[in-house]
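For reference, the chains in residue letters:
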Amino acid sequence: MRGKERKVIDDARDQPLDKRVRFSVRLLESASTYKDIVVRKKDGFTQILLSTGSTYNNTLNREVMNEVKSALEKAAVDDSKFVLLSAVGSVFCCGLDFDNIVKHLKYNRKRATVKLVDTIKNFVNSFIEFKKPIVVSVNGPAIGLGASILPLCDVVWANEKAWFQTPYTRFGQSPDGCSTITFPKIMGRAAANEMLINGWKMNAQEACDKGLVSQVFWSETFTQEVMVRIQEITSCNSFVLENSKALVRYTMNVELKQANERECEVLKKIWASAQGMEYMLKYVQNKIDSF
């Protein structure tokens, strides 16, 4: 193993300076560690896996969102052609960690609200601003912000056992992740309202039919199917991939950032209010673990 590592480093020395710098970034990122995510540098791409030790069912607290943002920022400047976002376990992402949010809002609610909402806004903007393709492998349930960020990515593959739900009204929360813009555009206003207001629980095939998911694969062969397609993307030219994404999203980013700003302003108002706090406390106290 040590011999192989030495050979890799020796090969890097023969490369031009620019490539050697990017190669060094790649090695440093491979060696870096995160608390709630796993970052793996693969041949041609970066894999970011949600693996939240400090939360339950891959929920998102400030630390997790900051780590994902950091990993995206590093992948944006290294030699990765794209990012593969996935998760460890049987759940993809259960959205915001409301236990954690309530704990923070109990003390100095106004200040805590600003910090939490700014973290969400920066987290969402990191997806909007990422210039390389983001491929998502949804292995299980995607709820709340875990579902609403999917349209901000470029290709979404789902396990047939995955399901999608944004029951914001039950959380005592308003929509986030630019879903007020992306959901109606993708699935039409009626279906978007069913998701965002009525909390429609959508299975993987329904999500594919509505355009939230690109393809659905059998659970028994899900990982193999994903990796076959990942290798196909890896074989593409990075310049072509990045510019193809730029063309598709040419007119979208400004609109998405404006939507993110509006959604976060509403969140601030709700979380800073006594009524909003009451609804969240009620949800946290009465929620039933369904996994």
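Residues numbered from 1 in each chain as written. Predicted model: local features only at pLDDT ≥ 70, side-chain atom pairs only at ≥ 80, totals over all residues. Heavy atoms only, no water.

A. Here's a closer look at the sheet that holds strand β7 (residues 163-165). The strand order β5-β7-β8 describes an open sheet built from three strands, whose pairing is mixed. The open sheet has two free edges, formed respectively by β5 (142-143) and β8 (202-203), since each of these has just one partner strand. Bridge analysis of β7 against β8 gives two bridges, and the strand direction is antiparallel. Looking at β8, one finds that Trp 163 is bridged to Asn 203. (Pairing = 2+ DSSP bridges. Helix = DSSP H or I, 4+ residues; strand = E, 2+ residues; numbered from the N terminus.)

B. The arrangement of the pattern of salt bridges in detail. Counted according to the given criterion, the structure contains 11 salt bridges. Put simply, Lys 121 and Glu 261 hold a salt bridge, and the shortest N to O gap is 3.4 Å. Linking Lys 121 in helix α5 (residues 109-129) with Glu 261 in helix α13 (residues 253-272), this pair joins segments that are 140 residues apart in sequence. Residue classification places Lys 121 among the buried positions, given a relative accessible area of 17%. Among the residues examined, Glu 261 registers a relative accessible area of 36% and is labelled partly exposed. Across the salt bridge formed by Glu 225 and Arg 229, the nearest N and O atoms sit 2.6 Å from each other. Of this pair, Glu 225 and Arg 229 are both found in helix α11 (residues 222-234), four residues apart, which corresponds to roughly one turn of the helix. Here Glu 225 falls in the partly exposed class, since its relative accessible area comes to 27%. (Salt bridge = Lys/Arg side-chain N within 4 Å of Asp/Glu carboxyl O. Buried < 20%, exposed > 50% of the residue type's maximum accessible area, 1.4 Å probe, protein only.)

C. Structural context of the state of the cysteines. Overall, the coordinates contain zero disulfides when judged by the stated rule. Cys 178 takes part in no disulfide bond, and the closest cysteine sulfur, belonging to Cys 264, lies 8.2 Å away. Accessibility expressed as a relative area gives 0% for Cys 178, which makes it buried. (Disulfide = S-S within 2.5 Å.)

D. Examining empty space enclosed by the protein more closely. Counting across every chain of the model gives two cavities of 30 Å³ or more. A volume near 60 Å³ is recorded for the largest cavity. Lining the largest cavity are Leu 50, Leu 60, Val 68, Leu 85, Phe 92, Cys 93, Phe 123, Phe 127 and Ile 149. A per-class count over the lining of the largest cavity returns nine nonpolar, no polar and no charged. Taken as a whole, the second largest cavity encloses approximately 40 Å³ of empty space. The wall of the second largest cavity is formed by Leu 60, Asn 61, Arg 62, Met 65, Leu 96, Asp 97, Ile 101, Leu 116, Ile 120 and Trp 271. Listing elements by their share of the lining of the second largest cavity, those giving two or more residues are α3 (62-77) and α5. Partitioned by chemical class, the residues of the lining of the second largest cavity number seven nonpolar, one polar and two charged. (1 Å grid on protein atoms, 1.4 Å probe; cavity = no way out; pocket = protein on both sides within 12 Å on 5 of 7 lines; lining within 4 Å. Points joined across faces, edges and corners; volume = space filled by probe spheres on them. Nonpolar A, V, L, I, M, F, W, Y, C, P; charged D, E, K, R; others polar.)

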